[in-house]
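Observations on chain architecture
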Amino acid sequence: MPVQALKPSLYAVPPDARTPPRLLGGRCRCGHVFFPMQTYGCEKCGATGDALQPAALPATGTLVASSRVLMHARKDREPPYVVVSVRLDDGPVVRTLLDEDTAEVIAIGAPMRGRLMEVGRSEAGAALVDLRFTRVS
Ligand SMILES: [Zn+2]
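Reading guide: rules and limits
Residues numbered from 1 in each chain as written. Predicted model: local features only at pLDDT ≥ 70, side-chain atom pairs only at ≥ 80, totals over all residues. Heavy atoms only, no water. Helix = DSSP H or I, 4+ residues; strand = E, 2+ residues; numbered from the N terminus. Buried < 20%, exposed > 50% of the residue type's maximum accessible area, 1.4 Å probe, protein only. Contact = heavy atoms within 4.5 Å. Lys, Arg positive; Asp, Glu negative; His and termini not counted. Charge placed at Lys NZ, Arg CZ, Asp CG, Glu CD. Pairing = 2+ DSSP bridges. Salt bridge = Lys/Arg side-chain N within 4 Å of Asp/Glu carboxyl O. Donors = N, O, S within 2.8 Å, 3.2 Å for Na, K, Ca; no water.

Here we come to the overall build of the protein. Within the protein, the regular secondary structure consists of zero helices and 10 strands. What you see in the protein, going N to C, is helices and strands ordered as β-β-β-β-β-β-β-β-β-β. Projected onto its principal axes, the C-alpha positions of the protein cover 40 × 40 × 35 Å. The buried share of the protein, reckoned over its 137 residues, is 36%. A separation of at least 24 residues holds for 46% of the contacts in the protein among residues at least 6 apart in sequence. Each charge class in the protein can be summarised by its mean position, and for the 17 positive and 14 negative side chains these summaries are 3 Å apart.

Next comes the structure, spelled out in structure tokens:
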């Protein structure tokens, strides 16, 4: 079955399910790594243009914050779910959902890795996947 990224500007679908997803970030010539890719300017040195190059960032990092959501105003977001902020090994912090709902407190600094979870179907029948983080045990 074909697989399609829900947010193709943020991550690429790997060729097989065993390969972890890569986040579509960028790297400045000064060494600063950022996510998502942008060309407005480096947050650290202000460089623009060719100084900013795309960089595929491994979706691995450590937990910096989490919050379990029990109520949400939007009806298309069914709680409960857990929002996590993960500092990637390359530096940028990414906020997305945990791949499971849990009332358990996850320790700050816990190792995390990204995975693509099916969240729906496209009109053409492809599996739509979105980035989630999971605990590394
Ligand atoms: Zn820079």
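Now that the structure has been shown, the text picks up again.
Time to look at the side chain of Ser85. If you trace the backbone, Ser85 turns up in strand β7 (residues 81-88). If near-sequence neighbours (up to four positions away) are discounted, Ser85 is found in contact with Thr62, Leu63, Val64, Ala65, Val93, Val94 and Arg95.

Take the pairing of β7 next. Counting buried positions along β7 gives six out of eight residues, so the element sits mostly inside the fold. As judged from the eight bridges shared by strand β6 (residues 60-69) and β7, these two strands associate in the antiparallel manner. Its bridge partner being in β7, Gly61 is matched across the sheet by Leu88. Counting the residues that bridge the hairpin from β7 to strand β8 (residues 93-98) gives four residues, and of these Gly91 lies at a positive phi of roughly 120°.

For the rest of this paragraph, the subject is the pattern of salt bridges. Pairing of side chains with opposite charge becomes possible as their charged atoms draw close. Throughout the structure, instances matching the rule amount to eight salt bridges. The closest approach of N and O atoms between Arg68 and Asp101, which form a salt bridge, is 2.8 Å. Taken together, the positions of Arg68 in strand β6 and Asp101 in the loop between β8 and β9 (111-121) put the pair 33 residues apart, joining distant regions of the chain.

This part covers the coordination of the zinc ion. Around the zinc ion, the protein supplies Cys28 (SG), Cys30 (SG), Cys42 (SG) and Cys45 (SG) as donor atoms, at distances of 2.3 Å. Mapped onto the sequence, the donors of the zinc ion take the spacing C-x1-C-x11-C-x2-C. Taken together, the residues span a long stretch of sequence, with Cys30 in the loop between β3 (22-28) and β4 (33-34) and Cys45 in the loop between β4 and β5 (52-58) at a distance of 15 residues. With a relative accessible area of 34%, Cys30 lands in the partly exposed category.

Moving on, we come to unusual backbone geometry. Put simply, Phe35 and Pro36 share a cis peptide bond, and its omega is -5°. Along the chain, Pro36 falls in the loop between β4 and β5. Here the amide bond leading from Pro79 into Pro80 is cis, since omega sits at 0°, within 30 degrees of zero. Looking at the secondary structure, you find Pro80 in the loop between β6 and β7.

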